[in-house]
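Chains, contacts and geometry: an overview
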Amino acid sequence: MTSAATTPRPTAKERKMEARAARARAETAAAARRARTRRIAWVVGLLVVVAVVAFGLASSRQVSSEGTRVAPDFTLPTTDGGTVSLSDLRGSPVVLYFNEGAGCASCTVQMVEIEKEPGFAEAGITVLPIVMNTAEQMLADMQRYGATTPYLLDDGTVSEAYGTLGTGMHEGLPGHGFVLIDAEGNQLWQGEYPSMWLEPAQLLEEVVSRL
């Protein structure tokens, strides 16, 4: 009578080798899953960046509006301790420069570069920067970047009257825009620049062409 063949039991060494092979397969599979997850995360991150850039490009387009109205009058304190009333400037054109103020480097640099453009003085145009800050807050940035024109300090009333609140990155602050007022006190033009910059020469051309 012939006995059935029996399968030899694996030795301890063979069992260890099989366990190592199983661990290796598991580690390989885990590494593949991690690599796949990283690729997915990279693609998702790239799509988010593209979306943000696209939104930024769309929202940074300038917005201009024309149409004459009597410019809302105001009297505001300034960073040099004085006050400025719009009505006192009748007889010459005025450009109001609403901006985010302290903490916005490009806003202050914008004013510094406007100061360097002689065409405004030659055309008799006064540029008034208006912010919603205290004098102490604004003076620190003015000193840091070299701005010398006194800033007008608004509590939000003037910025709201000119429709500039929420036009930038912050809902309760002005954006980055300019308002042209002629010698008779009429508002002729308003331009918003979410890109936070307008070449002074281009600003000068914009306002002079409308006077």
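Just so you know, the residues in each chain are numbered from 1, in the order the chain's sequence is written. Whole-chain, interface and lining totals are the exception, using all residues; otherwise, since this is a predicted model, local features are given only for residues with pLDDT of at least 70 and side-chain atom pairs are given and counted only at 80 or more. Only heavy atoms go into the side-chain values, all of them from the structure, while hydrogens and water stay out.

Of note in this structure, M196 is not a glycine but carries a positive phi near 70°. By secondary structure assignment, the location of M196 is in the loop between β8 (186-192) and α6 (200-208). Residue M196 is classed as buried on the basis of its relative accessible area, which comes to 11%. To qualify as a helix, a DSSP run of H or I must reach at least 4 residues; to qualify as a strand, a run of E must reach at least 2; elements of each kind are numbered from the N terminus. Working definition: with a 1.4 Å probe on protein chains only, accessible area under 20% of the residue-type maximum means buried, over 50% means exposed, and in between means partly exposed.

Turning next to the pairing of strand β4 (residues 94-98). For β4, a buried count of five out of five residues is recorded, marking the element as mostly surrounded by other parts of the structure. Alternating positions in β4 separate into two faces, V94, L96 and F98 on one and V95 and Y97 on the other, with burial throughout. With five bridges connecting them, β4 and strand β5 (residues 126-131) associate as parallel partners. If you follow L96 over to β5, its bridge partner there is L128. Pairing between strands is defined by DSSP: at least two bridges between them are needed.

Take empty space enclosed by the protein next. Here a cavity is any set of points on a 1 Å grid over the protein atoms alone where a 1.4 Å probe fits but cannot get out, and a pocket is any open set with protein on both sides within 12 Å along at least 5 of 7 lines; a residue lines the site when it has an atom within 4 Å of a point. Grid points are joined across faces, edges and corners, and a volume is the space filled by probe spheres set on the points. Applying the stated criterion across every chain, the model contains one cavity of 30 Å³ or more. Empty space within the largest cavity amounts to approximately 30 Å³. As for the largest cavity, its lining consists of L86, L89, R90, S92, V94, I181, D182 and G185. When residue character is reported, Ala, Val, Leu, Ile, Met, Phe, Trp, Tyr, Cys and Pro are called nonpolar, Asp, Glu, Lys and Arg charged, and the others, Gly included, polar. Of the residues in the lining of the largest cavity, the class split is four nonpolar, two polar and two charged.

Moving on to the sheet that holds strand β1 (residues 63-70). Strand order in the open sheet made by the six strands is β1-β8-β7-β4-β5-β6, with mixed pairing throughout. Unpaired on one side and paired on the other, β1 and β6 (152-153) mark the two borders of the sheet. The pairing of β5 with β6 spans two bridges and is parallel. Residue pairing for β6: I130 is matched across the bridge by L152.

Bringing the packing of helix α2 (residues 105-116) against helix α4 (residues 135-145) into the picture now. For any two helices packed against each other, the geometry comes down to the angle between their axes and how far apart the axes lie. Whenever a helix is involved, its axis is fitted only over the stretch in contact; in every case the axis is a line through C-alpha atoms, and angles between N-to-C directions fall within 0 to 180 degrees. Where α2 contacts α4, the two axes come as close as 10 Å, and the packing angle between them is 60°. What the angle tells us is that α2 and α4 run oblique. For the element pair α2 and α4, the recorded crossing hand is right-handed. Seen from α2, the contacting residues are A105, T108, V109 and V112; seen from α4, they are M138, D141, M142 and Y145. Taken together, the residues of the contact of α2 with α4 break down into six nonpolar, one polar and one charged. Convention used here: angles under 35 degrees read as roughly parallel, angles over 145 as roughly antiparallel, angles from 65 to 115 as roughly perpendicular, and any remaining angle as oblique. Crossing handedness is defined as follows: a turn of the near helix away from the far one that is anticlockwise and smaller than a right angle gives a left-handed crossing, while the clockwise case is right-handed. Should any heavy atoms of two residues lie within 4.5 Å, those residues are counted as being in contact.

Moving on to α6. Considered for burial, the residues of α6 that qualify are P200, L203, L204, E206 and V207. Axial view of α6: buried residues confined to an arc of 160°, hence all on one face. Buried residues in α6 make contact with β4, α2, α3 (119-122), β7 (177-181) and β8. For this quantity, the arc is that covered by the directions from the helix axis to the C-beta atoms.

When we look at burial in α4, the residues that qualify are A135, M138, D141 and M142. Buried residues along α4 cover an arc of 135° about the axis, so they all sit on one side. In α4, those exposed residues whose orientation departs by more than 90 degrees from the buried face are E136, Q143 and R144. The elements touched by buried residues of α4 are α2, β5 and β6. Phi for G146, located one or two positions after α4, is positive at around 90°.

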